[in-house]
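So the chains spell out like this:
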Amino acid sequence: MKQLLLVVDYQVDFVDGALGFAGAEGLDGPIAQRIAQARADGWDVAFTMDTHNAGYLDTQEGRKLPVPHCLLNSDGWQLYGQTGKAICKETDMVVCKPTFPSLWLGNWLKQQGYDTVELCGLVSHICVLSNAVMAKAALPEAEIVVDAQLTASYDPVLHQKALDVLEGLQVTVLHRDRADSI
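Keep in mind it's a predicted model, so treat the numbers as computed, not measured.

A. Representation of a nonpolar patch on the surface within the structure. On the surface, a nonpolar cluster with roughly 220 Å² of combined accessible area is contributed by Val133, Val165 and Leu169. Tracing the backbone through its elements, the reader meets Val133 in helix H6 (residues 124-138).

Given below as structure tokens:
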């Protein structure tokens with residue numbers, strides 16, 4: 001069985017930078033622990049990184065969200081904390097993406113033929129949701145999983161709505177206490 005843990009956009013700017021929000025930093029230790037457990041269980045690990053350039057404000061996203069963030073090679077673009085230190089540059093796939101989901105990632109997932117793809121990271125109702133849908137489209141027979149305790153949003157209502165939508169799209173949403181997942 002081929003399994004992947006996909007850490008979505010757990011970057012400085014989404015934790016305590018330009019678009020950071022209270023509570024995002026609390027995911028760092030649990031995500032790093034999930035990465036270690038996935039590796040111990042023989043899973044592959046991959047990361048997505050929201051990546052923009054100096055012309056961000058001239059893009060459609062930049063006009064609708066006029067907050068420069070995750071500018072390539074800036075401090076805010078870096079992976080956050082323990083999660084960032086958990087990356088293995090020799091084996092982990094890192095996908096830099098200029099928009100919410102990554103079509104390239106979807107095509108790569110399809111080529112890899114994963115049986116399970118579990119997502120965690122930020123932001124639940126934007127990049128986690130859109131990349132989970134992309135994974136489901138690429139791998140319609142695979143189990144796509146989102147751990148509700150390893151993702152968050154600056155808006156708790158949108159967070160819950162995203163989890164509900166994911167369940168409606170036949171994505172498995174794990175609802176468990178953080179202590180149970182560690």
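More follows now that the structure is in view.
B. Broad picture of the UniProt feature "domain: Isochorismatase-like" (unreviewed entry) in the protein chain. On the UniProt side, "domain: Isochorismatase-like" (unreviewed entry) is annotated at positions that read residues 4-174 here. Taken end to end, residues 4-174 comprises 38% helix and 22% strand; its first and last C-alpha atoms sit 16 Å apart.

C. Structural view of the sheet that holds strand S1 (residues 3-8). In space, the six strands of this open sheet follow the order S3-S2-S1-S4-S5-S6, with parallel pairing throughout. The sheet is open, and its two borders are formed by strand S3 (93-97) and strand S6 (172-174), each paired with just one other strand. Geometrically, the sheet is characterised by an average inter-axis angle of 20 degrees between neighbouring strands, direction not taken into account. In the sheet, strand S4 (residues 116-122) pairs with strand S5 (residues 143-152) via six bridges, with the strands oriented parallel. Counterpart to Gly121 in the pairing with S5 is Thr151. Its contacts with the sheet place helix H5 (residues 103-112) against S1, strand S2 (44-50), S3 and S4, and it is angled at close to 150 degrees to S3.

D. Up close: the pattern of salt bridges. In total, this model carries three salt bridges according to the counting rule given. Of the charged contacts in the structure, one is a salt bridge between Arg34 and Glu118, with a shortest N-O distance of 3.0 Å. Placement of Arg34 in helix H2 (residues 28-40) and of Glu118 in strand S4 is noted, with a sequence separation of 84 residues between them. Put simply, Asp92 and Arg39 hold a salt bridge, and the shortest N to O gap is 2.3 Å. One end of the pair, Asp92, is in the loop between helix H4 (81-85) and S3; the other, Arg39, is in helix H2, and 53 residues separate them in sequence. We classify Asp92 as buried; its relative accessible area is 9%.

E. The layout of surface pockets, seen in detail. Of the pockets and cavities examined, the largest pocket occupies roughly 310 Å³. Looking at the lining of the largest pocket, the elements with two or more residues in it are helix H3 (60-64) and H6. Its residues assigned to classes, the lining of the largest pocket comprises nine nonpolar, two polar and four charged. Quantified by volume, the second largest pocket comes out at close to 160 Å³. In this structure, the second largest pocket is lined by Thr51, His52, Asn53, Gly55, Tyr56, Thr59, Glu61, Leu72, Pro98 and Thr99.

F. Here's a closer look at H5. Regarding H5, the residues found buried are Leu105, Gly106, Trp108 and Leu109. The buried residues of H5 occupy an angular sector of 165 degrees when the element is viewed end-on, so they sit on one face. Opposite its buried face, H5 presents the exposed residues Leu103, Lys110 and Gln111, each directed more than 90 degrees away. At its buried positions, H5 is contacted by S1, S2, S3, S4 and H6.

G. Structural context of the nonpolar core. Judged by nonpolar contacts, the single largest core of 26 residues is most densely connected at Leu109, Val117 and Leu119. Those elements that provide at least two residues to this core are S1, H5, S4, H6, S5 and helix H7 (156-168). If near-sequence neighbours (up to four positions away) are discounted, Leu109 is found in contact with Leu4, Tyr114, Val117, Ala135, Ala138 and Leu139.

Thresholds applied
Residues numbered from 1 in each chain as written. Predicted model: local features only at pLDDT ≥ 70, side-chain atom pairs only at ≥ 80, totals over all residues. Heavy atoms only, no water. Patch = residues over 30% accessible without salt bridge, like charges linked within 9 Å, V, L, I, M, F, W, Y side chains within 5 Å. Areas by Shrake-Rupley, 256 points an atom, 1.4 Å probe, with all protein chains shown as cover. Salt bridge = Lys/Arg side-chain N within 4 Å of Asp/Glu carboxyl O. Helix = DSSP H or I, 4+ residues; strand = E, 2+ residues; numbered from the N terminus. UniProt positions renumbered as here; feature names shortened; annotations may be inferred. Pairing = 2+ DSSP bridges. Axes fitted to C-alpha atoms, helices over the stretch in contact; angles between N-to-C directions. Contact = heavy atoms within 4.5 Å. Buried < 20%, exposed > 50% of the residue type's maximum accessible area, 1.4 Å probe, protein only. 1 Å grid on protein atoms, 1.4 Å probe; cavity = no way out; pocket = protein on both sides within 12 Å on 5 of 7 lines; lining within 4 Å. Points joined across faces, edges and corners; volume = space filled by probe spheres on them. Nonpolar A, V, L, I, M, F, W, Y, C, P; charged D, E, K, R; others polar. Arc of directions from axis to C-beta. Core = buried A, V, L, I, M, F, W, Y, C linked by side-chain atoms within 4.5 Å.

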